[in-house]
Amino acid sequence: MIVTVKTFAALREIIGSASVAIDVSSDASVRDVIKAVSERYPGIGIIASQIIIAVNMEYVSFDHPVHESDEVALIPPVSGGSK
Amino acid sequence: MIVTVKTFAALREIIGSASVAIDVSSDASVRDVIKAVSERYPGIGIIASQIIIAVNMEYVSFDHPVHESDEVALIPPVSGGSK
Amino acid sequence: MILITHDKLAVEDIVSETRGNDKGGVVTFLGTIRDTTDTNRVLYLEYEAYGPMAEKLLKKLVAEVERKWPGIRASVAHRLGRLEIGEISMVAVVASPHRAEAFKACNFIVDQVKSDVPIWKKEVFETGEVWVGLQSSSD
Amino acid sequence: MILITHDKLAVEDIVSETRGNDKGGVVTFLGTIRDTTDTNRVLYLEYEAYGPMAEKLLKKLVAEVERKWPGIRASVAHRLGRLEIGEISMVAVVASPHRAEAFKACNFIVDQVKSDVPIWKKEVFETGEVWVGLQSSSD
(Lines give C-alpha, C1' and ligand atoms only; values in the text may rest on other atoms or scores of the structure.)
Protein backbone atom coordinates (compact mmCIF):
# COMPACT_ATOMS: atom_id res chain seq x y z
CA MET A 1 0.00 0.00 0.00
CA ILE A 2 1.02 3.63 -0.42
CA VAL A 3 1.23 5.68 2.77
CA THR A 4 1.62 9.44 2.54
CA VAL A 5 4.01 10.68 5.19
CA LYS A 6 4.38 14.27 6.37
CA THR A 7 7.86 15.57 7.14
CA PHE A 8 9.03 18.56 9.14
CA ALA A 9 12.04 20.67 10.04
CA ALA A 10 15.47 19.06 9.35
CA LEU A 11 13.78 16.03 7.81
CA ARG A 12 11.70 18.13 5.42
CA GLU A 13 14.79 20.05 4.36
CA ILE A 14 16.86 16.92 3.63
CA ILE A 15 14.03 15.12 1.86
CA GLY A 16 13.16 18.28 -0.01
CA SER A 17 9.41 17.94 0.35
CA ALA A 18 6.78 18.34 3.10
CA SER A 19 5.24 14.99 2.26
CA VAL A 20 6.38 11.78 0.60
CA ALA A 21 4.51 8.71 -0.66
CA ILE A 22 6.04 5.49 0.70
CA ASP A 23 5.30 1.96 -0.49
CA VAL A 24 5.02 -0.51 2.42
CA SER A 25 3.31 -3.87 2.92
CA SER A 26 -0.32 -3.79 4.00
CA ASP A 27 0.54 -5.03 7.52
CA ALA A 28 3.28 -2.42 8.03
CA SER A 29 4.02 -0.90 11.42
CA VAL A 30 5.43 2.51 12.25
CA ARG A 31 8.89 0.85 12.41
CA ASP A 32 8.53 -0.33 8.81
CA VAL A 33 7.60 3.17 7.66
CA ILE A 34 10.71 4.70 9.27
CA LYS A 35 12.85 1.92 7.71
CA ALA A 36 11.39 2.51 4.24
CA VAL A 37 11.94 6.28 4.50
CA SER A 38 15.55 5.74 5.67
CA GLU A 39 16.28 3.42 2.75
CA ARG A 40 14.79 5.80 0.22
CA TYR A 41 16.50 8.88 1.71
CA PRO A 42 19.86 7.70 3.08
CA GLY A 43 20.76 11.40 3.58
CA ILE A 44 18.59 11.56 6.71
CA GLY A 45 21.27 9.42 8.37
CA ILE A 46 21.44 9.86 12.11
CA ILE A 47 18.13 11.72 12.20
CA ALA A 48 16.27 8.46 11.50
CA SER A 49 17.07 7.16 15.00
CA GLN A 50 15.64 10.31 16.60
CA ILE A 51 12.28 10.27 14.80
CA ILE A 52 9.01 9.41 16.47
CA ILE A 53 5.78 8.99 14.57
CA ALA A 54 2.34 10.47 14.97
CA VAL A 55 -0.58 8.58 13.42
CA ASN A 56 -3.74 10.64 13.11
CA MET A 57 -2.14 13.27 15.34
CA GLU A 58 -1.34 10.90 18.24
CA TYR A 59 2.17 9.84 19.17
CA VAL A 60 2.36 6.04 18.81
CA SER A 61 4.85 3.25 19.56
CA PHE A 62 7.05 1.67 16.83
CA ASP A 63 4.80 -1.41 16.81
CA HIS A 64 1.69 0.57 15.98
CA PRO A 65 0.07 -0.53 12.70
CA VAL A 66 -0.25 1.90 9.80
CA HIS A 67 -3.15 1.99 7.32
CA GLU A 68 -3.44 3.59 3.93
CA SER A 69 -5.97 6.20 5.09
CA ASP A 70 -3.95 7.23 8.17
CA GLU A 71 -2.39 10.66 8.55
CA VAL A 72 1.23 9.69 9.25
CA ALA A 73 3.82 12.26 10.36
CA LEU A 74 7.54 11.86 11.03
CA ILE A 75 8.40 13.94 14.10
CA PRO A 76 12.06 14.85 14.66
CA PRO A 77 12.93 16.11 18.18
CA VAL A 78 10.71 19.12 18.98
CA SER A 79 12.16 22.44 20.10
CA GLY A 80 9.35 24.97 20.35
CA GLY A 81 8.75 27.27 23.27
CA SER A 82 11.80 28.68 24.94
CA LYS A 83 15.02 27.48 26.56
CA MET B 1 11.92 64.83 74.37
CA ILE B 2 9.32 65.14 71.65
CA VAL B 3 9.37 62.42 68.98
CA THR B 4 7.27 62.82 65.85
CA VAL B 5 5.73 59.50 64.85
CA LYS B 6 4.25 58.66 61.46
CA THR B 7 1.10 56.53 61.37
CA PHE B 8 -0.47 54.53 58.54
CA ALA B 9 -3.55 52.56 57.55
CA ALA B 10 -5.85 51.47 60.41
CA LEU B 11 -3.66 53.28 62.92
CA ARG B 12 -3.80 56.56 61.00
CA GLU B 13 -7.57 56.28 60.74
CA ILE B 14 -8.10 55.67 64.47
CA ILE B 15 -5.64 58.33 65.54
CA GLY B 16 -7.08 60.71 62.96
CA SER B 17 -3.71 62.04 61.80
CA ALA B 18 -0.77 60.84 59.69
CA SER B 19 1.72 61.96 62.34
CA VAL B 20 1.63 62.59 66.10
CA ALA B 21 4.08 64.26 68.47
CA ILE B 22 4.79 62.01 71.49
CA ASP B 23 6.57 63.08 74.69
CA VAL B 24 8.98 60.37 75.94
CA SER B 25 12.07 60.36 78.15
CA SER B 26 15.38 61.08 76.45
CA ASP B 27 16.54 57.45 76.85
CA ALA B 28 13.31 56.04 75.38
CA SER B 29 13.26 52.84 73.33
CA VAL B 30 10.88 51.79 70.58
CA ARG B 31 8.87 49.92 73.25
CA ASP B 32 8.38 53.15 75.20
CA VAL B 33 7.12 54.95 72.11
CA ILE B 34 4.49 52.26 71.43
CA LYS B 35 3.46 52.38 75.11
CA ALA B 36 3.09 56.15 75.03
CA VAL B 37 1.03 56.07 71.84
CA SER B 38 -1.22 53.32 73.28
CA GLU B 39 -1.84 55.37 76.45
CA ARG B 40 -2.66 58.52 74.54
CA TYR B 41 -4.87 56.71 71.99
CA PRO B 42 -6.56 53.85 73.87
CA GLY B 43 -8.79 53.39 70.81
CA ILE B 44 -5.95 51.62 68.97
CA GLY B 45 -6.53 48.72 71.40
CA ILE B 46 -5.49 45.37 69.97
CA ILE B 47 -3.62 46.98 67.05
CA ALA B 48 -0.88 48.12 69.49
CA SER B 49 0.33 44.53 69.91
CA GLN B 50 0.65 44.09 66.14
CA ILE B 51 2.73 47.21 65.47
CA ILE B 52 6.38 47.12 64.55
CA ILE B 53 8.51 50.25 64.30
CA ALA B 54 10.78 51.60 61.63
CA VAL B 55 13.44 54.09 62.67
CA ASN B 56 14.97 56.01 59.79
CA MET B 57 13.28 53.56 57.38
CA GLU B 58 14.78 50.43 58.98
CA TYR B 59 12.73 47.90 60.92
CA VAL B 60 14.17 47.75 64.45
CA SER B 61 13.69 45.68 67.62
CA PHE B 62 11.63 46.93 70.58
CA ASP B 63 14.83 47.67 72.51
CA HIS B 64 16.16 50.01 69.85
CA PRO B 65 16.77 53.55 71.21
CA VAL B 66 14.87 56.50 69.75
CA HIS B 67 16.28 59.98 69.33
CA GLU B 68 14.55 63.31 68.79
CA SER B 69 15.85 63.66 65.22
CA ASP B 70 14.88 60.14 64.14
CA GLU B 71 12.18 59.44 61.57
CA VAL B 72 9.94 57.09 63.55
CA ALA B 73 7.06 55.20 61.89
CA LEU B 74 4.47 52.86 63.41
CA ILE B 75 3.95 49.97 61.00
CA PRO B 76 0.77 47.89 61.35
CA PRO B 77 0.77 44.50 59.54
CA VAL B 78 1.52 45.11 55.87
CA SER B 79 -0.76 43.80 53.13
CA GLY B 80 0.48 45.11 49.81
CA GLY B 81 0.96 43.01 46.73
CA SER B 82 -1.52 40.27 46.17
CA LYS B 83 -2.97 37.23 47.92
CA MET C 1 13.31 49.65 37.82
CA ILE C 2 10.96 50.23 40.73
CA LEU C 3 7.86 52.41 40.83
CA ILE C 4 5.25 53.41 43.40
CA THR C 5 2.52 55.55 41.91
CA HIS C 6 -1.12 56.60 42.06
CA ASP C 7 -1.35 56.31 38.26
CA LYS C 8 -2.43 53.25 36.31
CA LEU C 9 0.46 50.84 35.89
CA ALA C 10 1.75 50.75 32.30
CA VAL C 11 2.48 47.01 32.13
CA GLU C 12 3.90 47.02 28.58
CA ASP C 13 6.37 49.78 29.44
CA ILE C 14 7.57 48.01 32.59
CA VAL C 15 8.05 44.77 30.64
CA SER C 16 9.88 46.57 27.82
CA GLU C 17 12.24 48.28 30.26
CA THR C 18 13.08 44.95 31.91
CA ARG C 19 13.57 42.82 28.78
CA GLY C 20 16.80 42.53 26.88
CA ASN C 21 18.16 40.70 23.85
CA ASP C 22 20.31 38.53 26.11
CA LYS C 23 17.26 37.32 28.11
CA GLY C 24 15.22 34.51 26.55
CA GLY C 25 12.45 34.30 29.16
CA VAL C 26 10.32 36.99 30.74
CA VAL C 27 7.95 36.19 33.62
CA THR C 28 5.42 38.84 34.62
CA PHE C 29 3.13 38.78 37.62
CA LEU C 30 0.04 41.02 37.75
CA GLY C 31 -1.87 41.40 40.99
CA THR C 32 -5.45 42.37 40.17
CA ILE C 33 -8.43 43.40 42.25
CA ARG C 34 -10.86 40.55 42.80
CA ASP C 35 -14.60 41.06 43.05
CA THR C 36 -14.95 38.87 46.14
CA THR C 37 -12.98 38.07 49.31
CA ASP C 38 -14.13 34.81 50.79
CA THR C 39 -17.79 35.23 49.93
CA ASN C 40 -17.99 38.99 50.43
CA ARG C 41 -18.61 41.21 47.44
CA VAL C 42 -15.84 43.83 47.17
CA LEU C 43 -16.78 47.37 46.07
CA TYR C 44 -13.25 48.74 45.70
CA LEU C 45 -9.82 48.77 47.41
CA GLU C 46 -7.64 51.50 48.86
CA TYR C 47 -3.85 51.13 48.91
CA GLU C 48 -1.62 53.27 51.10
CA ALA C 49 2.17 53.22 51.53
CA TYR C 50 4.97 54.60 53.63
CA GLY C 51 6.31 55.84 50.33
CA PRO C 52 10.03 56.52 50.87
CA MET C 53 10.56 53.34 52.91
CA ALA C 54 8.54 51.21 50.47
CA GLU C 55 10.69 52.55 47.60
CA LYS C 56 13.84 51.83 49.57
CA LEU C 57 12.77 48.24 50.31
CA LEU C 58 11.70 47.58 46.71
CA LYS C 59 15.10 48.81 45.47
CA LYS C 60 16.79 46.54 48.00
CA LEU C 61 14.61 43.62 46.93
CA VAL C 62 15.44 44.08 43.24
CA ALA C 63 19.15 44.31 44.07
CA GLU C 64 18.92 41.14 46.17
CA VAL C 65 17.17 39.20 43.38
CA GLU C 66 19.66 40.37 40.76
CA ARG C 67 22.52 39.26 43.03
CA LYS C 68 20.89 35.92 43.95
CA TRP C 69 20.19 34.95 40.32
CA PRO C 70 23.01 36.40 38.21
CA GLY C 71 22.01 37.46 34.71
CA ILE C 72 18.48 38.35 35.79
CA ARG C 73 16.91 41.79 35.51
CA ALA C 74 13.89 42.58 37.70
CA SER C 75 11.29 45.33 38.10
CA VAL C 76 8.51 45.95 40.60
CA ALA C 77 5.73 48.50 40.48
CA HIS C 78 2.91 49.06 42.98
CA ARG C 79 -0.10 51.29 42.65
CA LEU C 80 -1.66 53.32 45.48
CA GLY C 81 -5.02 54.98 46.08
CA ARG C 82 -8.48 53.75 45.15
CA LEU C 83 -8.52 50.75 42.79
CA GLU C 84 -11.59 49.33 41.14
CA ILE C 85 -12.41 45.67 40.51
CA GLY C 86 -10.17 44.23 37.77
CA GLU C 87 -7.52 46.95 38.01
CA ILE C 88 -3.85 46.09 38.47
CA SER C 89 -2.36 46.77 41.92
CA MET C 90 1.12 45.43 41.33
CA VAL C 91 3.45 44.31 38.56
CA ALA C 92 6.61 42.23 39.00
CA VAL C 93 8.75 41.42 35.96
CA VAL C 94 11.78 39.17 35.75
CA ALA C 95 13.79 38.75 32.55
CA SER C 96 16.30 35.93 32.57
CA PRO C 97 18.56 33.94 30.30
CA HIS C 98 17.00 30.78 31.86
CA ARG C 99 13.28 30.40 32.33
CA ALA C 100 13.24 28.20 35.47
CA GLU C 101 15.01 30.94 37.40
CA ALA C 102 12.69 33.59 36.01
CA PHE C 103 9.67 31.84 37.58
CA LYS C 104 11.46 31.38 40.92
CA ALA C 105 12.72 34.95 41.09
CA CYS C 106 9.35 36.46 40.17
CA ASN C 107 7.55 34.34 42.76
CA PHE C 108 10.16 35.38 45.35
CA ILE C 109 9.58 39.06 44.61
CA VAL C 110 5.81 38.75 44.98
CA ASP C 111 6.20 36.89 48.31
CA GLN C 112 8.59 39.53 49.66
CA VAL C 113 6.44 42.47 48.61
CA LYS C 114 3.55 40.96 50.52
CA SER C 115 5.50 40.23 53.70
CA ASP C 116 7.95 43.10 54.05
CA VAL C 117 7.12 46.28 52.23
CA PRO C 118 5.11 48.96 54.11
CA ILE C 119 2.07 49.02 51.84
CA TRP C 120 -1.45 48.54 53.18
CA LYS C 121 -4.70 47.52 51.59
CA LYS C 122 -8.21 48.36 52.76
CA GLU C 123 -11.01 46.25 51.33
CA VAL C 124 -14.31 48.08 51.09
CA PHE C 125 -17.43 45.88 51.08
CA GLU C 126 -21.10 46.75 50.88
CA THR C 127 -21.31 45.93 54.59
CA GLY C 128 -18.15 47.63 55.89
CA GLU C 129 -14.42 47.82 55.39
CA VAL C 130 -11.28 46.09 56.68
CA TRP C 131 -7.53 46.74 56.65
CA VAL C 132 -6.12 43.45 55.44
CA GLY C 133 -3.51 41.75 57.63
CA LEU C 134 -4.74 43.24 60.89
CA GLN C 135 -5.99 40.68 63.37
CA SER C 136 -9.24 41.68 65.05
CA SER C 137 -10.23 40.55 68.53
CA SER C 138 -12.61 38.05 66.89
CA ASP C 139 -9.84 36.28 64.92
CA MET D 1 -7.51 30.19 24.42
CA ILE D 2 -4.81 28.75 22.23
CA LEU D 3 -3.25 30.27 19.14
CA ILE D 4 -0.66 29.27 16.55
CA THR D 5 0.06 32.04 14.10
CA HIS D 6 2.58 33.66 11.78
CA ASP D 7 1.51 37.11 13.04
CA LYS D 8 3.07 39.04 15.91
CA LEU D 9 1.67 37.85 19.23
CA ALA D 10 -0.66 40.44 20.80
CA VAL D 11 0.38 39.89 24.42
CA GLU D 12 -2.08 42.38 25.93
CA ASP D 13 -5.03 40.78 24.16
CA ILE D 14 -4.05 37.28 25.26
CA VAL D 15 -3.66 38.47 28.87
CA SER D 16 -7.02 40.30 28.75
CA GLU D 17 -8.81 37.25 27.42
CA THR D 18 -7.36 35.10 30.20
CA ARG D 19 -7.95 37.42 33.15
CA GLY D 20 -11.15 37.63 35.14
CA ASN D 21 -12.53 39.51 38.13
CA ASP D 22 -12.45 36.32 40.19
CA LYS D 23 -8.70 35.82 39.58
CA GLY D 24 -6.33 37.86 41.77
CA GLY D 25 -3.05 36.79 40.17
CA VAL D 26 -1.95 36.60 36.56
CA VAL D 27 1.40 35.06 35.57
CA THR D 28 2.63 35.58 32.01
CA PHE D 29 5.61 33.95 30.36
CA LEU D 30 7.14 35.45 27.23
CA GLY D 31 9.71 33.47 25.27
CA THR D 32 11.86 35.92 23.33
CA ILE D 33 14.59 35.54 20.73
CA ARG D 34 18.05 35.88 22.21
CA ASP D 35 20.94 37.41 20.32
CA THR D 36 23.34 34.60 21.25
CA THR D 37 23.26 30.82 21.77
CA ASP D 38 26.22 29.72 23.84
CA THR D 39 28.70 32.19 22.36
CA ASN D 40 27.34 32.19 18.80
CA ARG D 41 25.74 35.35 17.48
CA VAL D 42 22.20 34.58 16.25
CA LEU D 43 20.97 36.31 13.07
CA TYR D 44 17.32 35.17 13.26
CA LEU D 45 15.17 32.13 14.00
CA GLU D 46 12.70 30.11 11.97
CA TYR D 47 9.79 28.31 13.67
CA GLU D 48 7.82 25.56 11.96
CA ALA D 49 4.90 23.46 13.27
CA TYR D 50 2.78 20.47 12.48
CA GLY D 51 -0.10 22.91 12.82
CA PRO D 52 -3.22 20.80 13.42
CA MET D 53 -1.45 18.45 15.83
CA ALA D 54 0.25 21.31 17.69
CA GLU D 55 -3.15 23.00 18.14
CA LYS D 56 -4.66 19.77 19.34
CA LEU D 57 -1.88 19.25 21.92
CA LEU D 58 -2.03 22.85 23.15
CA LYS D 59 -5.80 22.53 23.67
CA LYS D 60 -5.22 19.29 25.57
CA LEU D 61 -2.51 20.95 27.67
CA VAL D 62 -4.73 23.91 28.61
CA ALA D 63 -7.56 21.51 29.53
CA GLU D 64 -5.15 19.44 31.66
CA VAL D 65 -3.88 22.51 33.51
CA GLU D 66 -7.39 23.81 34.14
CA ARG D 67 -8.37 20.41 35.54
CA LYS D 68 -5.20 20.01 37.63
CA TRP D 69 -5.51 23.45 39.26
CA PRO D 70 -9.23 24.17 39.60
CA GLY D 71 -10.19 27.83 39.31
CA ILE D 72 -7.34 28.55 36.93
CA ARG D 73 -7.72 29.83 33.38
CA ALA D 74 -4.82 29.35 30.94
CA SER D 75 -3.82 30.44 27.43
CA VAL D 76 -0.92 29.55 25.16
CA ALA D 77 0.13 31.17 21.91
CA HIS D 78 3.07 30.28 19.66
CA ARG D 79 4.38 32.17 16.69
CA LEU D 80 5.76 30.56 13.50
CA GLY D 81 7.96 31.72 10.65
CA ARG D 82 10.98 33.99 10.74
CA LEU D 83 11.50 35.80 14.05
CA GLU D 84 14.05 38.53 14.63
CA ILE D 85 16.15 39.10 17.76
CA GLY D 86 13.99 40.38 20.63
CA GLU D 87 10.69 39.22 19.13
CA ILE D 88 8.26 37.07 21.11
CA SER D 89 8.00 33.41 20.08
CA MET D 90 5.57 32.21 22.70
CA VAL D 91 3.17 33.50 25.33
CA ALA D 92 1.71 31.48 28.21
CA VAL D 93 -0.77 33.14 30.57
CA VAL D 94 -2.29 31.70 33.74
CA ALA D 95 -4.90 33.59 35.76
CA SER D 96 -5.62 32.17 39.18
CA PRO D 97 -7.40 32.97 42.41
CA HIS D 98 -4.15 32.00 44.18
CA ARG D 99 -0.78 33.24 43.02
CA ALA D 100 1.40 30.26 44.07
CA GLU D 101 -0.57 28.00 41.74
CA ALA D 102 -0.40 30.54 38.93
CA PHE D 103 3.42 30.34 38.94
CA LYS D 104 3.40 26.55 39.06
CA ALA D 105 0.83 26.16 36.30
CA CYS D 106 2.54 28.64 33.98
CA ASN D 107 5.92 26.95 34.47
CA PHE D 108 4.28 23.58 33.78
CA ILE D 109 2.80 24.85 30.51
CA VAL D 110 6.13 26.20 29.30
CA ASP D 111 7.88 22.90 30.14
CA GLN D 112 5.24 20.87 28.30
CA VAL D 113 5.26 23.06 25.19
CA LYS D 114 8.98 22.55 24.92
CA SER D 115 8.91 18.78 25.38
CA ASP D 116 5.73 17.63 23.65
CA VAL D 117 4.30 19.93 21.02
CA PRO D 118 5.39 19.42 17.38
CA ILE D 119 7.02 22.82 16.87
CA TRP D 120 10.58 23.17 15.62
CA LYS D 121 13.10 25.97 15.80
CA LYS D 122 16.00 26.60 13.44
CA GLU D 123 18.71 28.94 14.68
CA VAL D 124 20.46 30.83 11.93
CA PHE D 125 23.99 32.03 12.74
CA GLU D 126 26.51 33.96 10.66
CA THR D 127 28.41 30.68 10.25
CA GLY D 128 25.55 28.25 9.55
CA GLU D 129 22.24 27.02 10.87
CA VAL D 130 20.95 24.30 13.18
CA TRP D 131 17.60 22.67 13.97
CA VAL D 132 17.50 22.80 17.76
CA GLY D 133 16.96 19.51 19.60
CA LEU D 134 18.46 17.33 16.92
CA GLN D 135 21.55 15.45 17.98
CA SER D 136 24.32 15.53 15.43
CA SER D 137 26.93 12.81 15.04
CA SER D 138 29.40 15.07 16.88
CA ASP D 139 27.23 15.35 20.03
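Residues numbered from 1 in each chain as written. Chains lettered and ligands numbered in written order. Predicted model: local features only at pLDDT ≥ 70, side-chain atom pairs only at ≥ 80, totals over all residues. Heavy atoms only, no water.

A. Region of interest: the sheet that holds strand E7 (residues 88-96) of chain C. As summarised here, the arrangement of the eight strands in space is E1(C)-E5(C)-E7(C)-E2(C)-E2(D)-E7(D)-E5(D)-E1(D), forming an open sheet in which the pairing is mixed. Edge strands, defined here as strands with exactly one partner in the open sheet, are strand E1 (2-5) of chain C together with strand E1 (2-5) of chain D. Direction aside, neighbouring strands of the sheet carry axes that sit 10 degrees apart on average. Packing of helix H1 (residues 11-18) of chain D onto the sheet brings it into contact with strand E2 (25-32) of chain C together with strand E2 (25-32), strand E5 (73-79) and strand E7 (88-96) of chain D, and relative to E7(D) it is tilted by some 20 degrees. (Pairing = 2+ DSSP bridges. Helix = DSSP H or I, 4+ residues; strand = E, 2+ residues; numbered from the N terminus. Axes fitted to C-alpha atoms, helices over the stretch in contact; angles between N-to-C directions. Contact = heavy atoms within 4.5 Å.)

B. Structural view of the interface of chain C and chain D. With 31 residues of chain C at the contact, the number on the chain D side is 31 residues. Buried surface at the junction of chain C and chain D, both sides included, amounts to about 2600 Å², of which 52% is carbon and sulfur. On the chain C side of the interface with chain D, the three residues burying the most area are Asn21(C), Arg99(C) and Phe103(C), jointly 25% of the side's total. Note that Asp111(C) and Arg99(D) form a salt bridge whose closest N and O atoms lie 2.4 Å from each other. Our count for the contact surface shared by chain C and chain D stands at 13 residue pairs in polar contact (both at pLDDT 80 or more). (Buried area = accessible area lost by both parts, 1.4 Å probe. Salt bridge = Lys/Arg side-chain N within 4 Å of Asp/Glu carboxyl O. Polar contact = N/O pair within 3.5 Å; in protein donor to acceptor, adjacent residues only side chain to side chain.)

C. Geometry of the packing of aromatic side chains. In total, this model carries eight aromatic pairs over all chains according to the counting rule given. Seen in terms of ring centroids, Phe8(B) and Trp120(C) are 4.9 Å apart; in terms of plane orientation they differ by 15 degrees. Their pairing is stacked. Taken together, the residues span two chains, with Phe8(B) in the loop between strand E1 (2-6) and helix H1 (9-15) and Trp120(C) in strand E8 (residues 119-125). Residues Phe8(B) and Trp120(C) agree in their burial class; the two are buried. Ring-pair connections join several aromatic residues into one group, and the members of that group are Phe8(A), Tyr50(D) and Trp120(D). The ring of Phe108(C) has Lys68(C) sitting right over it, with the charged end atom 4.2 Å from the ring centre. Positioned above the aromatic ring of Tyr44(C), the side-chain terminus of Arg82(C) is 3.6 Å from the ring centre. (Phe/Tyr/Trp six-rings, centres within 6.5 Å; stacked < 30°, edge-to-face > 60°. Buried < 20%, exposed > 50% of the residue type's maximum accessible area, 1.4 Å probe, protein only. Lys NZ or Arg CZ within 6 Å of the ring centre and 35° of its normal.)

D. Structural detail: helix H1 (residues 11-18) of chain C. Here H1(C) has its buried residues at Val11(C), Ile14(C), Val15(C) and Thr18(C). In an axial view of H1(C), the angular spread of the buried residues amounts to 100 degrees, which keeps them on one side of the axis. Looking at H1(C), the residues exposed on the side facing more than 90 degrees away from the buried face are Asp13(C), Ser16(C) and Glu17(C). At its buried positions, H1(C) is contacted by E2, strand E5 (73-79) and E7 of chain C together with H1 and E2 of chain D. (Arc of directions from axis to C-beta.)

E. Examining the relation of the copies chain C and chain D more closely. Rotating chain C by 180 degrees about the axis while translating it 0.0 Å along that axis superimposes it on chain D, leaving an RMSD of 0.0 Å. Seen this way, the second copy is the image of the first under a two-fold rotation axis. Among all C-alpha atoms of chain C, that of Thr28(C) lies closest to the rotation axis, at 2.5 Å. Of the interface residues in chain C, 100% have counterparts in chain D that sit at the interface too, so the contact is made through matching surfaces. (Least-squares fit on C-alpha atoms with pLDDT ≥ 70 in both.)

F. Region of interest: the sheet that holds strand E2 (residues 19-23) of chain A. All names here are of chain A. The sheet built from five strands is open, its strands ordered E2-E1-E5-E3-E4 with mixed pairing. Of all the strands in the sheet, just E2 and strand E4 (58-60) have a single pairing partner and so form its edges. Each strand axis lies, on average, 35 degrees off the axis of its neighbour in the sheet, ignoring direction. The pairing of strand E3 (residues 52-55) with E4 spans three bridges and is classified as antiparallel. Looking at the pairing, Ala 54 lines up with Tyr 59 of E4.

G. Here's a closer look at the interface of chain C and chain B. Counting from both sides, the interface comprises 34 residues of chain C and, opposite them, 25 residues of chain B. For the chain C face of the interface with chain B, the top three residues by lost area are Tyr50(C), Lys114(C) and Trp120(C), together amounting to 27%. Between chain C and chain B we count three salt bridges in total. Here Glu48(C) ties to Arg12(B) by a salt bridge, and the two come within 2.5 Å at their closest N and O atoms. Between chain C and chain B we count 13 residue pairs in polar contact (both at pLDDT 80 or more) in total. The element contributing the most residues to the side of chain C that touches chain B is E8(C), with five residues. Tallied by class, residues from the side of chain C that touches chain B come to 16 nonpolar, nine polar and nine charged. (Nonpolar A, V, L, I, M, F, W, Y, C, P; charged D, E, K, R; others polar.)

H. The packing of helix H2 (residues 51-68) of chain C against helix H3 (residues 99-116) of chain C, seen in detail. Residue and element names in this part refer to chain C. Viewed as axis vectors pointing N to C, H2 and H3 meet at an angle of 150 degrees, and their least axial separation amounts to 11 Å. By the angle between their directions, the pair H2 and H3 is classed as roughly antiparallel. Our pair here, H2 against H3, has a crossing hand that is right-handed. Contacts between H2 and H3 involve Leu 57, Leu 58, Leu 61, Glu 64, Val 65 and Lys 68 from the first element and Ala 105, Phe 108, Ile 109, Gln 112, Val 113 and Asp 116 from the second. Partitioned by chemical class, the residues of the contact of H2 with H3 number eight nonpolar, one polar and three charged. (Parallel < 35°, antiparallel > 145°, perpendicular 65-115°, else oblique. Left-handed = near helix turned anticlockwise from the far one by under 90°.)

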